[in-house]
Structures are given as C-alpha cells and as structure tokens.
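Observations on the model geometry
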Amino acid sequence: MDSGSLKRQKLDYSAPTTEELINLKETALLFKSNLFKLQIDELLREVTPAAVPDIDDGRKASAPLDKYLRELKSVLVAMPSKDVTLKPKTSVLDSVRVPYLKPLTFTVKPPAKVTVVGSYLLRTIAKPVTNVDLALEMPKDSIINKDYLSFKYLTKRAAYVERVVKYLKNHPSKYYTEVRVEHFMGDLQKPIAVLKPLSGMKKPGGLAKKFARFEIRLLPGLPADAFPIRKLLPLRNCARPSGDTIKDEDDTLTSKATPLYNQRVLEDMAFVPHLKLLHKILKGAPALAQTLRLLRVWCRQRGLYYGTDAHKSTKKYGGGLDKGGGFSGFALGLVLVYLVEQRIMSRGMSVNQAFKATIRFLAERDLSQEPAYIKGAGEDGKNTVSEVLGDYTKAFAASVIGPMGVNVFCRASTESYAWLRAQAKRTLQLLTQGEDEASGAAEAEEAKEEEEDNHQEMQIEGGWGEEKKEGEGSKNVGGSAQGLADQAAFKAIFLVPVSPFRGALDAYFLISLSPTDGKTKDPLLPTLDRREARLRKVIRILRQGLSDRVRLVVAKYAQDTPPRDTKNNTELIRVGLGLAGSEAFRAIQMGPPAEEKNAARAFRAFWGERSELRRFKDGRINEAVVWSDDKPGGAILEDIALHLLKRHIKAPSVSVSLVLSQPETASLLFKKPISLLIPNPPPPPPLEDKAPGRRKRERERKRIEAARAAAKRGEDLDGIHVVTRDPLAASTALANATGEITRRLRSLKSLPLSVLSVEPTHPSLRFTDPFPPLPVSRLASFGPRIDFPNPVGGSGSSLGHMEEEESGVHDRYDARTGAPIIELILRFEASNRWPDDVVAVSRIKTAFYIQIQNALATEYYDVSASTAHDHVDAIFMGFCFRMRILYEREIAHRRTLAAAAAALARRRGESLPKIFDVKAPAAAFIRDLIARPRHHALVRGFHLKFPTYGSACRLAKRWAAAHLFLSPSPCSLKWHNAAAAAPEEEGESALGSLVGPRASALRPLARFPEEAIELIVAAAYAHPGPHDPPGSPLSGFLRFLQLLASHPWAEEPLFADLNDQMPASARSRALSRFMERRGTAGGGGGPPMYLITPEDPESEVWTGHTPDLRLLRRIQSYANASKDHLEACIAGAGELGATGKKAIAIWKTTFATPMENFDIFITVRRSALPDLAPLISLAPLSVRSSGKRKKKNGFEEIDASENPCLERALPGVDPMALLVRDLQASLGDFLEFSYDIYGATGGIMVAEWREGAKLPKQLTVATSPHSMPYNSTEGEAKGTSSKKRKRSEGYVVPNTEQIVATIKRLGEGVVECVFNGYNEFLKAKQNATKSRKRLEKKLA
C-alpha cells in the first residue's frame, strides 16, 4: 500500500459494535487466545467457494451458474417420452437386476419438476467437493400405488436414469463435457447421473473456470405423497422377490422386515421437505451454515464420505470406511436441525460454539438407543413415526429421523457408527483440554511459582547456556502456551487425515473369501445386496468373537466394485482392529458358567469344537476356549478370526492373515541367534574324507548340534549358556540380577555411609532395549585385567596395538560373546563431612569404590569386583554391573567451575565452540549421574501405563540404528576423548578440574540419542492428537514416524510432558525461551531438535547439540519415506501383499538405509561385530566355505568349521565403538563415521565427508597429515590472472589416499577392506554375492 492510500485511509475510533463485542467476549471465554478462532475463520474462507455466497447474501456471485442450471432444466423438461420394457433376468446399468418373471413395461416421461436441492441452494458447500444437486421428480402417472413393493420402484428408477443419460449424451446442445453414472451414497441399487459442465466463457454454453469445477448430480425422486408413509415404516416388509423360499446366508426367510429397502424409497420422497426444513433453520443464521461446512471438513478427514462426496485426498488415505460409513453432509445438517429444535443449540450461537455443541452431541448421545426425532415429521394418520420410534432402534445402528420418517443414518453400520462416536469423543477432548488448562492456569501460576523457581535452580541444564540477565526468560508471554495448544488442536481436528486403514488403528487383517456355492437363485436380499450383507456378517462375527479384546472393528472391501468373474475371483476384505490393551492377547476366552445352560449352549454353538468345560484354580467351572500361549499376541487374534469365519461363513475357502503382523516383526527385527556362544555347525565331512582330524571335527560338529538343540529347549549344555527366543524374557533375568545386587549393596555394613538408593539406567530395565543383554556363564572374572591403550595417547589403534601377551586374546575375541555394562547410580545417606573441592570429592569417591569392592568380596563369594578411579565393576549372575556414586553438592561445584571457565574463555576472546568444549564434559558427567536415572524412572513408569510402549520404542530404535542414526555423535566423541586425555593434577587445566582425573566411564551420546527417541515415542502416546493412544507396537511405531516426520521443529518445540506435570506457566516460559533462541542466529538459534520436558525446558540434556540441522533433515526425510511405505502397505494390503513372507520384504525395505549417500565404506571382520541380530541387508556380505579363510574383494570368506567361542567374555568391549572413536579422533575434521550398533548392515561402517571438508583451506597442524597441496591450475579456467593463482597458493585439500591408508592402519586386525566410493563398494559386493552362489551350487 503506497503512502497516498495511507493518507486517504481514515482510522475508525468509534466504539466497537455489538458483533465485535460478542466476538471478543467469545474469544476470551472459549479459547483464552484468539489463535484458534483466527484459524477457524481462515479455514472457512479457504473451503468456501467464491461462486457460492452466504445464504443471506445476494445471488450475484452465482448468477452465471444459476443461468446454466435454468438452461439445463429446459433441456431436461424437453426430454421426449419413451416406452421401456424390462425383460426378466436382465440388469439395468449393470447394477440393478430385474427381479420379475414377467416383462415390465412403463413409459419414461420428462420430469414433472426440476428442483435445486442440497448444499448449493443452502450455501453450505465445502471445497474441494463442489456438487449441485438437481432433483428430477418422476411424473406421478409413471408410478402406480404398489410400486413400492418388490423392487418395482427401484427398477423403474434405474431405467429412468438410463434413459436420461442416453438423452443427454445424444442432445445437440453441448452444455457439458461428460455424462456418467454413479451411485447415490454408494448404493448400487440407486444410480444417479453426473454431468461435468463445459469450461470456457468463449464457448457456447460454457462457464467460467470457477463455475466449471462444479459437477451437476441428477437425482431421480418422487412426489412427497407418492406412497403412504405408514407402509414404509422400518418393520414393514416391502421387498418380496419371486418365491417365498429364497434364503440368504443366515438361512432366514426373505419375508422378514426390510428397513433399509423402505428407507431407499422414502428418501426419494423427502428431497423437497428436507430442503425446506434446512432452509428454515439456516436462513438468518449464517453461523450454522458455516458450522455445517466445518462438519463436512471434519467428516472428510475421518473417511466418513463416499463416492462423489469423497475427495481424492480421502482416497489417498485409504478411502475411509466402506461407502463412507453411511454418513453425509445432509445427515449432519439434520443433526443441526434437531439440536436447534431441542434447544440444545441456538441459532444465535457462533461457529465455534455450534461446532462444539454438535461434536458433544455426537460423542455423548447414543443414537442406537435414543433416536433423534424431529417432532412433527411424518404424521399422516395412524402408525405415525412418533409412535414407532422403538422400531428404528431395532432396525438401524443409529437413528436421526427427519421429515417423512427418513432415517438419515440408515446406511450406517454398528461399527461405522462406533467409529464416528470414537472420533467425536477424541475431538471433544481436543476441544476441551485447552480450556481446562487455561482455566486453571491462573491458579497454578500462583501456587507453583515459588516451587518452579526453586526447581529451576536444580535443573540439569542450568548454568550451561549463556548467562541470563535478570528476569530474562521468566516473563509469561500471556497465552503463548495456550496458543500453541490451540494450534495443535486445530491441526489435529481439521488438517490431519484420520483414516482407519492408514495407521489409525492397531492391527489389520486381510480376509480372503471365495464366492458362495451359487445355490441362491435371486441375488437380491431384502435389505442389502449380497456383498454388503456378507461384509456386515463378517464384522458381526469378529465383533462377537473378539468381544472385549477389541474396542473397535471396522471393515471394507479391498475393491470398491465386485469382480466380474465371481466364480473364479476371491473377495478381499480389510479389517481394522482397535485393541483393548493387554486384554487383546490373552490365551483364554472365558465363557458362561455351567449352571447357565442356555448361555453355555449358545457359547458352544458359536465356538464349536474349540469350546470345552474347564475347572479353574479359583474353583469356577466355566465354558472356555483356550488358544496356544506360545505364539505372539497377533497370532492369537489371527487364529480366532480364522476359526470363526470358517465356522460361520459358507464359503469353500477362507483365509485370514495379519497385515505387517507382530510375528513377522519379532522374527525379523528382534530374533537373536539361538545362543550367544553357539556358532552354526559345519557341514558333515564326506565319507571319503580321510584327512587328519576328521573324527575330531565330527565330534565338534555333533557337540554344536546338541548345544543348539538344547538351546531350543531352553537348557544349558557343557557350561554353554543358551539364549531364550523371546528377548523380553531376558529383561526378567536382568531385572532379577539387578534386584539382588541392589539388595546386597544396601545391606553392606562395612561402608562409612549406608547406601540409600541404587538407580539403574540401562534401557533393558525399562523395556525399551531392542536386544536386552543375556547372562553369559563364561563371563571373564577380574583376574588379569586387559587395559586398552589410550585412543588419543599414541600413534596406533586401541585395537590393533595391544600388548604382545594379550594379542592372542584379541585374535580370538568374538563380539557376540561380549557383555554390556549395566550402570547403577549409588546415593549415600546425607553427611556434612564431604569436602567442597571437586578433586577431593573424586578422591573420596575412589576410596568408596575400594571399600565397596572389598565389602562385596568379603561378604559375597559369588561376586567378582574390580575398582577403577571413577567406578567399580562387579560381575554377578552373568552380568557386569558398573556402579558410580552421585553426590548432589558436587553438581553445584562443577556448575560453578564451568561458568567460571566459560567466563574466562570469553574474556580471552575464544569462539563459542571452544567455550562449550570447556563445559561439555562436565555436562556429560551431570547427564550420566542425574538425567539418566531420572529419565529411566520416568520411562519405566510410563511403560507400566502403556504396555505396548516398550515394544514401540524397540521398533523405533531398531529403525534408527538401521539407518545409522545411533552411531556415537562426533562432538560427543570429541569431548569424551578430550576428557580422557585431561591431566590429573588439580589446577593444571580447567577441563581437568571440571571432570576429574579420568572420564573413562562417560558415555558418549548417539547422533540421535536413544533417550530422545524414547521421549518422542512417549509424546506420541501421551499426546496422540486426533488418534487414540496406540494399542499395538505397530501403531506406536507408525505414530512415532508420523510425529518425527511432520513436526515443524524449526517453528515449534515438542513438549514431551509424559505425566502432564508441566503447568501452563512453565510451558509459557519454555515457549518464550524457545522463541528468543530461535529469533537469534538468523532464526536458527537453539537445538535443531527442540525437545522440552519438565526437567529440561531448554532442550539441553539430550538434543542440545545433536542431531544437527543436516542430520535432522535426513532423519525427517527417512521417517517420512518409511511412514508412507508402511501406510501404503496397510492401505493396499490386497494389492501389495503385506502378509506372510512378503511382509518380511516390506519390513526389510523399511529398515534398509540407502548406501549410495555415503562416500567411504569399511568392511569389518564378522568377529568384531556387536551382538548380531539377523541381517537386514538384502545381500550377504560374506561367503562361507569349507576351506581356510580367504579374502576376495575385501569380503571375508569365513570357515564354518572354526569355533569362535571364547574361554571368557570381555565385559564392555565393543570393537566397532572403539574403532569409531579412534577414527573420529584422527579424521574427524574430514569425515563423519557411522555404523549400525546392532549389526544389521553386516559389518559395514560408512563415512561421509563433512560439509565443506573437500574445499581448499589453509594448512593447519591438525589436518596436515591428511592433506595435499591444492593445484589451482586444475580447477581454474585458462586466462586466470597470475595474481589470483598466487593468492590460492598455500591452500590444501584432503588427501583421499592418505585418509584410506590411515583408516587401514588404525583398524589393523579389525578392518578388512576400505572402498573409496559407492561404485567400488557395490562392485565388490556383487562379486561376493556371485562367489557365494557359485560356492553354494558347488556344495549342493
């Protein structure tokens, strides 16, 4: 806007109008922030077509379309009459069969009236679906009094549509570009004609582009008095096909009531009465029309629309429920009418109030038991609608009864109505939770203010950021947290698609049914077509059989239309289950007691031979069905569904399979080798083999086979500990060992101070570790200790240059026999005799470690302990426990010293990265001793609240590791190495005084910390948005991917408030601090992944420095691709085959990372890999042979006859981690190294160039060993001035050959080969695969 227009604009200083005061008051009372209201207003502007004004506005905007409709009406009225004869056993429009034995002849005449009905005339159209409905009233003389019986009217109606379509296609005037046939509400027996208007103002009869987007639907109808209403009430039988002995699949006579058929006839008589009723309510109440638009958007996002009412985005997300669940915008309009007439809602309400009142009504009112009846409708003498409301509850799953006795919810099934109510309840929670938080914010502000201030002083991150000015970050940015909550609620309600077949439920079946035997003569059932009847029967059987195992069952056909060849093609039905927690996977289905004979008889009739009378431990004698308890939980549901469908569905063949089921997930992702210490047995030697040692090799082979057989039985053999097949069972063994050593530590009497508490931190003890550690009976006791050299203190590798006397141990080491460290944090009783000096505290703690070792050795003979400067290790029950002492006041001392060191570095003018390098080791020390135990307790309690949370975390971690995101963070390794190399003398270095003499026990953070993964998964459970909390590991994993991929990390923080203990005032302060940090550094201040918890409001503990922005973008990209892939497999299970063996390939694709994104590839000896899980890589990276070890193209050919078993396992030794630490210390300025910590990539370590690492730079001491002079003449064009070339002298670039040589030198004994580039790596991989195939063929 220019300055002239600003001068001409007059400011309005008048008092606000009544409408403005009402809007302000509404915003203040309902939302406590105006963000939600502004978003609603903007959404309404977006979905309202420009060509459709409000109902109270003039019609100038729609005048061209109105003129077009008048011209189309003249064309329809001019349609010539024609006699039509319908022959028996024929079909009209390929969907409506003629159910008569004699020909039916009648005259098709032009419509008596053409009336605009529906949302266009009411001005309630919501984009992107823009339809104009025209009701074509069939002439009265074309219908006789008894045509409502025996499908006569529906047959004539279909013939009428067929005649209209042919007439319009052959008409000379080209007002339209397309005429097609669709079905009203997906009902195959009610076809309609759809026209696409001609686009282009210059063409004769053409419309402007904004009008040409509309589609014209021609709906044949009847006069309001065509048939007596009392003849079409729900319990009347009006469908009487030829013969009374025709039976349906339930073996019941077709002479029963036909409620749905009656409603099909009635609704064609009610077009005009419905229009008048809605117009009466909406006239003068534009807010209600806008509310109806919002309800349309809400329904479409939840898959509750079908056919021409459905938008293409709905079909993208799985197509919603079958036939839209039987709901439409017109049905929701009748709900609004009922609410206004019952004075539940007033016509003066705002859009927000009316929408909330409607959602509350749908959530709280059970329309299956209490029909919503609009008074005064359908009164035509005796048998009025008001007198037979109970009949509607018997005939329909839900009832909203409008004029003429029409139930607008008549097509809704029991489960589709349950889905609607479930979504309404969840939406109501989203609408009300923000208000509840806002209403209590003021009280919580005063009550919690002092506690919050005290708590802030003890927070972990305090003191590690930049020094705050007084009062900075403590202001309450009025309503900012509430505004963020409103924004999240708006997104969940209106923007996020919630399709039941796109990950919104917990488990999915794919049911394959063969066609029936064909004995039924007439395919038309009284109320439904045979296809829909079978679908509803499947749902009813599953609902009854699964009972309290599930809270929701929805189903739909995989194909919208039946197959042409019904004799040879099977029908695929997709079934979605909302599981009811741990009850879903119980092994026993309890029936009625034996005394209740009728109930017991019905139970046996339903379950068949699986039902049996059993006596239980509590003395009860009940009918029960027992399923195998040695199968995964998903297999129990599959067995139940298969048994019941085979028993109750009359079909030659029935099959049931779980889509992406838990069994495939478990076997592929979490199944360990049968034993940690038992290798694969070698092939038996041929009989003609006379080589020396043949008998010895044969004995060894038999011993290994016996050990593996014992492993399957869960036994031990020859002192070899075998592994349970269920990794979660290993957590029980660890929990028992942890509990016992905790009891022993607290009972030690010889210590100066008593042990007050023992806090574990290992993820297995909170059920989130993909591979829980297993007890190893050959765990090395602490005799001769093996100390690896300092990784930064020498020229060699910490693995390749060991002591000469220990080199044999290194050669025979196998990582599969290693034992992880289980950390325990010890807290002693309070004492005022602790010193104030940090170094003195570390010396006192070392003395305590020595006392603990001596006490354990004295009092318990079965514990082997060893003391280091900063911890004590103890081997007990096959596990290695590392104990560290926490002294609370030491944290404050370290915080003070770190702040002083940072201030000193700032005064010296050092850069921010160097300043933080001073503080980082101390922060890591505090993180290990305080944050990890606190996080462990929080997550463990959360898992007890949501039993599937732990398994979802395991899947998420497995996914992150497979994509190399759990590798140690380079900056974390840098601080770790610097801390380990720090001098021991006090005062010699600020770093030494902060961390202490040694930091060997510090744990480096991963690039994507596993604690952050657990918090993000927990946020998906605690704040599921439009969904219910996940009820299965699969749905939890999908929600994790959805949240990770869709959350706008640059614009919003993620609140991981697991127990809702963060008050609104604390949220506001955290949000204001986030905005301050994001407002600095060009909008990128603060951690890229900003994760707020009550204990860490500034996201400094877990994601403060990792992942960086580049890695976060890659994580989001991979998460989005994985999410789309799994959702597509669920939604298209029938086409993609997401069951059985094909599901394993789908999971492999999800968990396989693209290797072409990396630059250097390092193959590692298989014996150096961590505790191996099944390899997910699609091609093996090693070749087995019966000869000696060979190396071909850098890939090791392993001799299967060799036994890699160790005489002892080495606790805490991970060769891959040590190698990465060495490489990062030497080459971290050039490369960033990654590997799968669970070994899924088959021993492949990768590296990628750091950003800008290959650009010419000035020579430095750190990079000089791996650099070479930059040849400026190669990269510059001819004619470059000598002055410019001289300026580029002295620059260096990385020397790739020297870097590769350094990797080989540092990894001597571990690294097999190094490949420079993906092409070289891929070629070697292909050669290894060909060699393996040739060898297998030769051995075969």
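Residues numbered from 1 in each chain as written. Predicted model: local features only at pLDDT ≥ 70, side-chain atom pairs only at ≥ 80, totals over all residues. Heavy atoms only, no water.

Overview of the nonpolar core
This is how it is decided: Among buried residues, those of type Ala, Val, Leu, Ile, Met, Phe, Trp, Tyr and Cys that are joined through side-chain atoms within 4.5 Å constitute a nonpolar core. Only protein chains enter the accessibility calculation, which uses a 1.4 Å probe. A residue is then buried if its area is under 20% of the maximum for its type, exposed if over 50%, and partly exposed in between. We call two residues in contact whenever any of their non-hydrogen atoms come within 4.5 Å of each other.
Core analysis: the biggest nonpolar cluster contains 135 residues, and Phe-409, Phe-494, Trp-959, Phe-1008, Ile-1016, Phe-1040 and Leu-1044 have the highest contact counts within it. Beyond its immediate sequence surroundings of up to four residues, Phe-1008 is in contact with Ala-960, Phe-965, Leu-966, Ile-1013, Ile-1016, Leu-1044, Met-1089, Thr-1106 and Ile-1115.

Describing the pattern of salt bridges
A side chain with one charge can pair with a side chain of the opposite charge if their charged atoms come near. Rules: Definition used for salt bridges: Asp or Glu carboxyl oxygen within 4 Å of a side-chain nitrogen of Lys or Arg. The helix and strand labels rest on DSSP assignments: H or I over at least four residues marks a helix, E over at least two residues marks a strand, and numbering proceeds from the N terminus.
On inspection of all chains with the given rule, the structure shows 53 salt bridges. The closest approach of N and O atoms between Arg-543 and Glu-415, which form a salt bridge, is 3.4 Å. Residue Arg-543 is found in helix α19 (residues 530-546), and its partner Glu-415 is found in helix α15 (residues 414-439); the two are separated by 128 residues along the sequence. Residue class for Glu-415 comes out buried when judged on its relative accessible area of 7%. Across the pair Glu-1098 and Arg-1077 runs a salt bridge whose closest N-O atoms are separated by 3.9 Å.

What about the side chain of Asp-506?
Just so we agree on the cut-off: Contacts described as polar in this section are N or O atom pairs within 3.5 Å, which, within protein, must combine one atom able to donate a hydrogen with one able to accept it, while residues neighboring in sequence count only if both atoms come from side chains.
With respect to the helices and strands, the residue Asp-506 is situated in the loop between α18 (500-504) and β12 (507-513). Among the residues examined, Asp-506 registers a relative accessible area of 2% and is labelled buried. Engagement of the side chain of Asp-506 in a polar contact is seen with the backbone nitrogen of Gly-1031, the distance being 2.8 Å. Among all residues touching Asp-506, those that are not within four sequence positions of it are Arg-551, Leu-577, Gly-578, Leu-579, Pro-1030, Gly-1031, Ser-1032, Leu-1034 and Ser-1035.

Describing the confidence of the model for the protein
This is how it is decided: pLDDT: the predictor's confidence for each residue, scored from 0 to 100.
The predicted model of the protein averages 75 in pLDDT, with 69% of residues at 70 or higher. Within the protein, the element-level pLDDT minimum falls on helix α25 (residues 807-812), averaging 27, and the maximum on helix α32 (residues 1010-1022), averaging 95. Across residues 1-9, where pLDDT falls below 50, the model places 2 contacts with residues more than four positions away in sequence or in other chains. Every residue in residues 440-479 scores below 50 in pLDDT, and together they form 56 contacts with partners more than four places removed in sequence or on other chains.

Some points on the packing of helix α3 (residues 35-47) against helix α10 (residues 286-300)
In a packed pair of helices, the relevant descriptors are the angle between the two axes and the axis-to-axis distance. Where we set the bar: Interaxial angle, 0 to 180 degrees, is taken between N-to-C directions of lines fitted to C-alpha atoms, where a helix line uses only the stretch in contact. Angular relationships are summarised with four words: roughly parallel below 35 degrees, roughly antiparallel beyond 145, roughly perpendicular across 65 to 115, and oblique for the angles in between. When residue character is reported, Ala, Val, Leu, Ile, Met, Phe, Trp, Tyr, Cys and Pro are called nonpolar, Asp, Glu, Lys and Arg charged, and the others, Gly included, polar.
Running from amino to carboxyl end, α3 crosses α10 at an angle of 85°, the nearest separation of the two axes being 10 Å. If you check the angle between α3 and α10, you find them roughly perpendicular. Across the interface between the two elements, Ile-40, Leu-43, Leu-44 and Val-47 of α3 pack against Gln-290, Arg-293, Leu-294 and Val-297 of α10. Considered class by class, the residues forming the contact of α3 with α10 number 6 nonpolar, 1 polar and 1 charged.

Looking at the sheet that holds strand β9 (residues 215-221)
Definition in use: Two strands pair if DSSP finds at least two bridges between them.
Spatial strand order, β5-β6-β9-β8-β7: 5 strands in an open sheet with mixed pairing. The outermost strands of the open sheet, each flanked by one partner alone, are β5 (113-117) and β7 (176-183). Averaged over neighbouring strand pairs, the angle between their axes works out to 25° when direction is ignored. As judged from the 7 bridges shared by strand β6 (residues 131-137) and β9, these two strands associate in the parallel manner. Counted as the bridge partner of Asn-131 is Glu-215 from β9.

Quick notes on helix α26 (residues 838-859)
For the record, the criterion: To estimate the expected span of a helix, subtract one from its residue number and multiply by 1.5 Å.
The first and last C-alpha atoms of α26 sit 31 Å apart over 22 residues, in line with the 32 Å expected at 1.5 Å per residue. The set of residues buried in α26 consists of Val-838, Val-839, Val-841, Ser-842, Lys-845, Thr-846, Phe-848, Tyr-849, Ile-852, Ala-855 and Leu-856. Its side-chain oxygen at 3.1 Å from the backbone nitrogen of Val-839, Asp-837 defines the N-terminal cap of α26.

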